[in-house]
Amino acid sequence: MKNNQNTRASTTLYDFQYSNFQYSMTTNPYGRFNKPNWYETHLKQENISKKNKKISLMLLGDSIVAGLSRYHTVWKKYFNHYTVNCGIGGDRLQHTLWRSINLDIPDYVKSVFICCGTNNLDNDTTQDIVNGLLCIAFNMKKKKNDLNIIISGILPRDLHPSQ
């Protein structure tokens, strides 16, 4: 079943051919099936978005997004009742792209906030990171044309960043 899911994602990649995105690892959707519970977490997040009809905002990204719910006071005040957190720690752009392709967006979701790419900084160029982010946004917009897309810049991730 997991191989079928990966196949489904890679066939969707051809939709990007008519756009101006240059091929790189960041624009090649790739599922992290070797990471324990990664696929199960993806399905759980998708099911939460389908069950709660109050949800209008979907957060999509890596551990920075996943960690937002740790701040209970802020989460409860600003996000609790209408947001689904679809962040998974360690995801690179290509993993988030795979999830965006294999994610059903309910009609009541009005906006998607995308924040990822920090895990690509060590191996990919700035242009590749931008292309990966735009591919995710392009894919989400293609699924639901009236969707508001918000792309965040890459946020700091270390208390003492290396030089």
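Overview of the structure. In this text, all values refer to a predicted model and were calculated from it rather than measured experimentally. (Residues numbered from 1 in each chain as written. Predicted model: local features only at pLDDT ≥ 70, side-chain atom pairs only at ≥ 80, totals over all residues. Heavy atoms only, no water.)

## Quick notes on the overall build of the protein chain
How we decide: Strands are runs of DSSP state E lasting at least two residues, helices are runs of H or I lasting at least four, and both sets are numbered from the N terminus onward. Throughout, exposure labels follow a simple rule: accessible area from a 1.4 Å probe, protein chains only, divided by the maximum for the residue type, with under 20% read as buried, over 50% as exposed, and the rest as partly exposed. The contact definition used throughout considers only heavy atoms, calling two residues in contact when any of these lie within 4.5 Å. Computed by Shrake-Rupley with a 1.4 Å probe, the accessible areas treat only the displayed protein chains as cover when residues are assessed.
Scanning the protein chain from N- to C-terminus turns up six helices and four strands. Among the 163 residues that make up the protein chain, the fraction classed as buried is 47%. A separation threshold of at least 6 residues defines the contact pool for the protein chain, and within that pool the share at least 24 residues apart is 82%. Carbon and sulfur atoms make up 53% of the accessible area of the protein chain, which totals about 9200 Å².

## With respect to the pattern of salt bridges
Counted only if it meets this: A carboxyl oxygen of Asp or Glu within 4 Å of a side-chain nitrogen of Lys or Arg is what we treat as a salt bridge.
Applying the stated criterion across every chain, the model contains six salt bridges. Where Lys50 meets Asp104, a salt bridge forms, and the shortest distance between an N and an O atom there is 3.4 Å. A residue pair is termed long-range when its members are at least 10 positions apart, and Lys50 in helix H2 (residues 38-51) and Asp104 in the loop between helix H5 (93-101) and strand E3 (111-115) qualify at 54 residues. The closest approach of N and O atoms between Arg92 and Asp124, which form a salt bridge, is 3.2 Å. Linking Arg92 in the loop between strand E2 (83-87) and H5 with Asp124 in the loop between E3 and helix H6 (126-143), this pair joins segments that are 32 residues apart in sequence.

## Side note on the packing of H2 against H5
Spelled out, the test is: Between N-to-C directions, angles span 0 to 180 degrees; the directions come from axes that are lines fitted to C-alpha atoms, helices contributing only their stretch in contact. Every angle not falling under 35 degrees, over 145, or within 65 to 115 is termed oblique; those three ranges are roughly parallel, roughly antiparallel and roughly perpendicular. Put simply, a crossing is left-handed when the front helix is turned counterclockwise from the back one by less than a right angle, and right-handed when it is turned clockwise. Amino acids outside the nonpolar list (Ala, Val, Leu, Ile, Met, Phe, Trp, Tyr, Cys, Pro) and the charged list (Asp, Glu, Lys, Arg) are all regarded as polar, and Gly is one of them.
At a minimum axis distance of 11 Å, the contact between H2 and H5 shows a crossing angle of 45°. Comparing the axis directions of H2 and H5 gives the class oblique. Both H2 and H5 take part in a crossing whose hand is right-handed. Residues Trp38, Tyr39, His42 and Gln45 of H2 pack against His95, Trp98 and Arg99 of H5. Classifying every residue of the contact of H2 with H5 gives three nonpolar, three polar and one charged.

## Let's talk about the pairing of E2
Where we set the bar: Here, any two strands with at least 2 DSSP bridges between them count as paired.
Within E2, five of the five residues are buried, leaving the element largely enclosed by the surrounding structure. Burial along E2 is two-sided: the face carrying Thr83, Asn85 and Gly87 and the face carrying Val84 and Cys86 are both buried. Pairing of strand E1 (residues 57-61) with E2 involves five bridges; the strand directions are parallel. In the strand pairing of E2, Leu59 is matched with Asn85.

## Examining the nonpolar core
Grouped burial of nonpolar side chains is what soluble globular proteins tend to show. Short version of the rule: The nonpolar core is taken to be a set of buried Ala, Val, Leu, Ile, Met, Phe, Trp, Tyr and Cys residues, with the residues joined through side-chain atoms within 4.5 Å.
Within the largest apolar cluster, 22 residues are counted, with the highest numbers of intra-cluster contacts made by Met58, Val109, Val112, Ile114, Ile136 and Met140. If you list the elements that add at least two residues to this core, you get E1, E2, H5, E3 and H6. When residues in this core are grouped by element, the largest group, six residues, is from H6. Residues within four places of Ile136 in sequence aside, it is in contact with Leu60, Leu93, Thr96, Leu97, Ser100, Ile114 and Cys116. If you look at the next biggest cluster of nonpolar residues, it comprises six residues, including Leu59, Val65, Trp75 and Cys115.

## Quick notes on a nonpolar patch on the surface
Condition: Patches in this entry comprise residues that are over 30% relatively accessible and not in a salt bridge; like charges within 9 Å are linked, as are nonpolar side chains (Val, Leu, Ile, Met, Phe, Trp, Tyr) within 5 Å.
A cluster of nonpolar side chains, Tyr71, Val74 and Tyr78, forms an exposed patch at the surface whose accessible area comes to about 320 Å². Taking relative accessible area as the criterion, Val74 reaches 42% and is therefore assigned partly exposed.

## Here we look at the state of the cysteines
A covalent bond bridging the sulfur atoms of two cysteines is what the word disulfide describes. Condition: Cysteine sulfurs are considered disulfide-paired once they come within 2.5 Å of each other.
One pass over the structure, following the stated rule, counts zero disulfides. The thiol of Cys115 is unpaired, and the distance to the nearest cysteine sulfur, on Cys116, comes to 7.0 Å. With a relative accessible area of 3%, Cys115 lands in the buried category.

As far as function goes, none of this settles anything; it's purely spatial.
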